[in-house]
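# Examining the three-dimensional arrangement
Read off the chains here:
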Amino acid sequence: MAILKTFLYLLIYPGFLFLLVYSTFCEWFDRKVFARLQNRMGPTHTGRFGLLQPVADIIKLLAKEDIVPERADRKMFSVLPVIGLAIASTAMLLLPVWHFSLERPSPNSFPGDIIVLLYILSLPTLIFFLAAWSSTSFFSEIGGARVLTLLFGYEVPLFLAVLGPAIMAGSWRLAEIAHFFQQRPLLLLANLLGFLIAVICLQAKLERTPFDIPHAETEIVGGTFTEYSGKKLALFRLMIDVEMVAGAGLLAAVFLGGFPGGVFVGFVHFVIKTLFVIFLLSILRAVTSRIRIDQVVNFSWRYLAPLAVLQLFIILLLKGFVL
Amino acid sequence: MKIAALLPELLRHLFKKPATVDYPFKKLEVPKDFRGTPFLHPEKCIVCRACVRDCPAEAIDILTVNETEKTFKMIIHNDRCIHCAQCVESCPTDALEMDDLYEISAFSRWDLKAEWEFVKAVVKLKPQPSGTPAPAAPAASSSEPPAGGGSQPS
Amino acid sequence: MKYSVPIGPQHPALKEPISLRMTLDGEVIQDADIRLGYNHRGVEKVAEGKTYLQNIYLTERICGICSHSHSTCFVQGVEKLLEVEPPRRGVFIRYLVSELERVHSHLLWLGVAAHEAGFDSLFMYVWRDRELIMDLLEMISGNRVHYAINTLGGVRRDLDEGQVKKILDSLALLRKQSEYYLNIGAHEPSFVGRLAGVGLLTKEQAVDLCAVGPTARASDVPIDVRKDDPYGMYGETPFEVCTADTCDVLGRTVVRIKEVLVSYDIIEHLMRNLPAGPVAIRTPRRPKPGEAVARYEAPRGENIHYIKSNGTDKPERLKVRAPTLGNYAATVEMLKSGFLADIPLIFAAIDPCICCAERTATLVDARTGEEKTVNFSTLRALARERWKNAPLKKDAVWPF
């Protein structure tokens, strides 16, 4: 029975099926908000309110011809999208959305899972780089180089920002951090600065405007994905959607007090909090223009990283004198 | 320099009606004098061939069907037509006019061909400012209002 | 590591085919080369087989964005040959369309530049406002892109009171919105940060390389045919030539934004002082043998049409110098030592209209002759050496 339950968890909710449905919904939400911010309509006709548009896009891509460049490393080229999607979905396993009881932890909630989650979320970047490198095109190679350069920009501020709440809660376990802030919701305000930094870094991690440099279509055509088409591109797009949900979930768990209250209330918490984070990401996308790669590195090391250190300092002071 | 200067404007638009139109389902109206596709009033055509001469795209043909019965055939090749309405302007008897349709695509260029077979009309020419009849006049343009055009002081 | 990246002939940043070959060192451009000739349509040859009246519509189709500027420039030249003067009301309406076109072209450019910079919100807002101008043009002329309002000796359609009122109403709305959005766009740090200091073209270079239009004016070279060689009613219309001295893409943006606002003023002036009378006069079909040159300030810069007549109703020769062609040489200079990320912006900043320029694709090919021995850059170096010490002819008179 317990095994059946675990399988149910893994496959239906909050596992694979829920993840796919919810990530397409999140893409729809992002597109709709982005369009409405720009006085446009956004997806309208596929399904009610265009809800099925991301699904339709993916189905359409799946039906398209699949081309592998002649000079590309065939195996690597083909297997990367699958690995990428698997990695992004694995990240979801570690989110404390599964009603973890602190006394009887399930195997996927353990001290240090926040570190594992952060590292798993870093892996897609590597996948992008490898994908770009193995497709042997000028534009992909430039895109791949930019992916790695971008990584140096946002990774450290993101880690520093997420470190803050963990230090405050005195735990490396996501469920415990969430539980700590559920007990003392006011302390969340102390992390406001860290939350904003993390949102900006998540935007960079997802390579969305203003950080869509690796696949800036007006400069380097498709960038990383120039040579990808058909099924593989569909998997990559799904992977980015899943990564968005997982990233938003991480931020919601660490900065917004997690998802308390069992399966059903926790579900509502999860949806509202992740959509809030995605809404912020959409606004950030609408309000800015793409910046250059040197400006990104400049910006993150001149402003983001020091601000993250400042946030950490504030938390240490709070922890030392107030708590 | 403010940070995120566009933000209030963006948020204001979040709850406004979109500026775009749901096109194939809702259509905008074209203005009064929209230049659509030319069509012929066969009862007015005097076969002066002014339209054939002036058409920049060579889209109008007038063929003689029967010389003695004075029947003619006008073909407008809408696949070549550039919708400039010069034929309407050149026509001395207002036999050509523009409609206001704008969804005029077709699957084949032959579907775009419009034909009229008619007997040459005997119509009194409208008076020209210079007094000469239009087909013979070397006029590139006249100060007549275009067919269905706006009011024009002259 | 040095490598060369082809931008074009087909590339998402270029809406029209042109080939830019960039030699890159990392992300920095070392050298740039422009190859033309992918869009040659033989318009000038076709023009020789059509009557002057038909050629109005042909020249209009040289370009899809500044269609009115080509047809107006052609009509100006033919009217010189025919020795006719269009009536004043016709002139006012002709240049009203002209200024509306300038506004729509500049707004279009601003949208494209915002898109190239990845600032899609500004792009959407600007193009939404541009739709008002397109509606006005459709109302005046009956079509949105090819207005076909010009004819020999005037214009084809008149304005009535209601239309004048509608133009003024839309203008008031547009002015409010434009000022607001342009102000906001100019204060978005990530956007301004992308534009400032990119694609430098000094004043001397702009003069040497014969840059025209907003590209030259952004390098503080106040050239504007409307002011320097007034045609139509521009001699009596109060307006100022907009310049900027930053010499970069930001300057080109600022110049265009200022010009949009100046154009609003001109349109308002035209509408308030619209004279009564006919809009067109009858003209002969055959000009006397002779030749004429017409100059016109298109949204992208100076547009030149040369027309040679041999006494028949068809021109013997039509030569078009589109403004984009005048800016190519300057573009190569701007691209050098820029970033790869700036190529689309720099190239977009001259507002290139390749279909305008491509009729005259012989610049590179014909002048270089054997491409292998003399390439474009050495040619340019030679040309610059030749003209380096030559004094500028400040009081040069156009020879006609």
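The residue numbers shown here count from 1 along each chain, following its written sequence. Written order decides the labels, with chains lettered from A and ligands numbered from 1. With the structure being a predicted model, the display of local features is reserved for residues of pLDDT at least 70 and the display and counting of side-chain atom pairs for 80 or more, all residues being used for whole-chain, interface and lining totals.

Quick look at the overall build of chain B now. Only DSSP runs of H or I covering at least 4 residues are called helices, and only runs of E covering at least 2 are called strands; the numbering of each starts at the N terminus. The helix and strand inventory of chain B stands at three helices and five strands. The linear arrangement of helices and strands in chain B, starting from the amino end, is α-β-α-β-β-α-β-β. We call a residue exposed when 12 or fewer other C-beta atoms sit within 10 Å of its C-beta, buried when the count reaches 20 or more, and partly exposed for counts in between; the C-beta positions come from the backbone. Per-residue burial for chain B yields a buried fraction of 27% across its 154 residues. Counting only contacts in chain B whose residues sit at least 6 apart along the sequence, the fraction spanning at least 24 positions is 74%. Residue pairs are scored as contacts if the distance between their C-beta atoms, which are placed from the backbone, is within 7 Å.

Moving on to the overall build of chain C. When helices and strands are counted, chain C shows 16 helices and eight strands. Expressed as a percentage of the 400 residues in chain C, the buried residues total 52%. If you take every contact in chain C between residues at least 6 apart in sequence, the share linking residues at least 24 apart comes to 70%.

What follows concerns the interface of chain A and chain C. Residue-level contacts link 23 residues of chain A with 26 residues of chain C. Broken down by element, the residue count for the side of chain A that touches chain C peaks at three residues, all from helix H9 (residues 217-220) of chain A. Nonpolar residues are Ala, Val, Leu, Ile, Met, Phe, Trp, Tyr, Cys and Pro. Charged residues are Asp, Glu, Lys and Arg, and all others, Gly as well, are polar. Looking at the side of chain A that touches chain C residue by residue, the class counts come to ten nonpolar, seven polar and six charged.

Before going further, it helps to spend a moment on the packing of helix H4 (residues 74-93) of chain A against helix H10 (residues 230-255) of chain A. Residues and elements named next belong to chain A. Angles run from 0 to 180 degrees between N-to-C directions of axes, and those axes are lines fitted to C-alpha atoms, restricted for helices to the stretch in contact. Between H4 and H10, the least distance of the axes is 9 Å, while the angle of their chain directions is 20°. Classed by the angle they form, the pair H4 and H10 counts as roughly parallel. Crossing of H4 against H10: the hand is left-handed. Residues Ser-78, Pro-81, Val-82, Gly-84, Leu-85, Ala-88, Ser-89, Ala-91 and Met-92 of H4 form the contact with H10, whose own contacting residues are Lys-232, Leu-235, Phe-236, Leu-238, Met-239, Val-242, Glu-243, Val-245 and Ala-246. A per-class count over the contact of H4 with H10 returns 13 nonpolar, three polar and two charged. Each angle receives one of four descriptions, namely roughly parallel if under 35 degrees, roughly antiparallel if over 145, roughly perpendicular if within 65 to 115, and oblique otherwise. Helix crossings fall into two classes, left-handed where the near helix is turned counterclockwise from the far one by less than a right angle and right-handed where it is turned clockwise.

Residues and elements named next belong to chain A. Counting residues in each nonpolar core, the largest one holds 230 residues, and the members touching the most others are Ala-198 and Leu-251. Counting residues per element, this core draws most heavily on H10, which supplies 17 residues. Those residues within four positions of Ala-198 in sequence are excluded, and the remaining contacts are Leu-158, Ala-161, Val-162, Leu-251 and Phe-255. Joining buried Ala, Val, Leu, Ile, Met, Phe, Trp, Tyr and Cys residues through C-beta atoms within 7 Å gives a set, and that set is a nonpolar core.

Let us now look at the confidence of the model for chain C. Residue and element names in this part refer to chain C. Scored by pLDDT, chain C comes out at a mean of 80, with 87% of its residues at no less than 70. What pLDDT conveys is the predictor's confidence in a given residue, as a value from 0 to 100. Helix H3 (residues 67-82) holds the highest mean pLDDT among the elements of chain C, 89, whereas helix H15 (residues 362-368) holds the lowest, 35. A low-confidence stretch, residues 359-375 (pLDDT under 50), is modelled with 25 contacts involving residues beyond four sequence positions or located in other chains. With pTM at 0.81, the complex prediction returns an ipTM value of 0.79.

Once that is clear, we can look at unusual backbone geometry. Despite not being glycine, His83(B) shows a phi value in the positive range, around 55°. Its location among the elements puts His83(B) in the loop between strand E3 (71-77) and helix H3 (86-90). Residue Cys247(C) is not a glycine yet carries a positive backbone phi of 65°. Tracing the sequence through the fold places Cys247(C) in the loop between helix H10 (225-228) and helix H11 (249-272).

Once that is clear, we can look at the pairing of strand E6 (residues 290-298) of chain C. Residues and elements named next belong to chain C. In this scheme, strands are said to pair when DSSP sees at least two bridges between them. Where E6 and strand E7 (residues 301-309) come together, nine bridges link them in antiparallel fashion. Bridging across to E7, Ala-294 finds its partner in His-305. Linkage of E6 to E7, two consecutive antiparallel strands, is achieved through a turn of two residues.

Time to look at the sheet that holds E6(C). All names here are of chain C. Taken in spatial order, the three strands make up an open sheet running E6-E7-E8, and their pairing is antiparallel. Of all strands in the sheet, those bounded by a partner on one side alone are E6 and strand E8 (315-321). Geometrically, the sheet is characterised by an average inter-axis angle of 15° between neighbouring strands, direction not taken into account. Lying over the sheet, helix H12 (residues 323-335) contacts E6, E7 and E8, oriented at roughly 125° with respect to E7.

Let's shift gears to the sheet that holds strand E5 (residues 113-119) of chain B. Residue and element names in this part refer to chain B. Spatially, three strands are ordered E2-E3-E5 in an open sheet, and the strand pairing comes out antiparallel. Each edge of the open sheet is held by one strand with a lone partner, namely strand E2 (60-66) and E5. Averaged over all pairs of adjacent strands, the angle between strand axes in this sheet comes to 20°, irrespective of strand direction. Two strands pair when backbone bridges link them, and E3 and E5 are joined in this way by seven bridges, in the antiparallel orientation. In the sheet register, Lys-73 faces E5, and the bridge partner there is Glu-117.

What follows deals with the packing of helix H2 (residues 52-60) of chain C against H3(C). Axes are the key here: two packed helices are described by the angle between their axes and the distance separating the axes. All names here are of chain C. In contact at an axis separation of 7 Å, H2 and H3 are set at 150° when each is read in the N-to-C sense. In terms of axis orientation, H2 runs roughly antiparallel to H3. The element H2 and its partner H3 pack so that their crossing is right-handed. Contacts between H2 and H3 pair Tyr-52, Asn-55, Ile-56, Thr-59 and Glu-60 from the former with Ser-67, His-70, Ser-71, Phe-74, Val-75 and Val-78 from the latter.

An α-helical turn contains 3.6 residues, so any two residues separated by three or four positions project in the same direction. To estimate how far a helix should extend, the number of its residues minus one is multiplied by 1.5 Å. Here helix H5 (residues 113-134) of chain A is 22 residues long and its end C-alpha atoms lie 31 Å apart, about the 32 Å a rise of 1.5 Å per residue gives. Backbone geometry just downstream of H5(A) places Thr136(A) in the positive-phi region, at approximately 45°.

Residues and elements named next belong to chain B. In this model, chain B carries an average pLDDT of 76, and 76% of its residues clear a pLDDT of 70 or more. The least confident element of chain B, judged by mean pLDDT, is helix H1 (residues 7-14) at 75; the most confident is E3 at 90. When the criterion is pLDDT under 50, residues 130-154 qualifies, and its contacts beyond four places in sequence or with other chains add up to 58 contacts.

Glancing now at the environment of Leu126(A). Checked against the element boundaries, Leu126(A) lands in helix H5. Counting along the chain gives 47 residues from Leu126(A) to Arg173(A), while the straight-line C-alpha distance between them is 25 Å.

Looking now at the environment of His41(B). Residues and elements named next belong to chain B. Considering the arrangement of structural elements, one finds His-41 in the loop between strand E1 (38-40) and helix H2 (50-54). For His-41, a count of 16 C-beta atoms within 10 Å corresponds to the partly exposed category. Separated by 78 residues in sequence, His-41 and Val-119 place their C-alpha atoms 11 Å apart. Among all residues touching His-41, those that are not within four sequence positions of it are Ala-95 and Glu-97.

Here Val5(C) lies in strand E1 (residues 2-7). Residues Val5(C) and Leu24(C), 19 residues apart in the sequence, show an inter-C-alpha distance of 7.1 Å.

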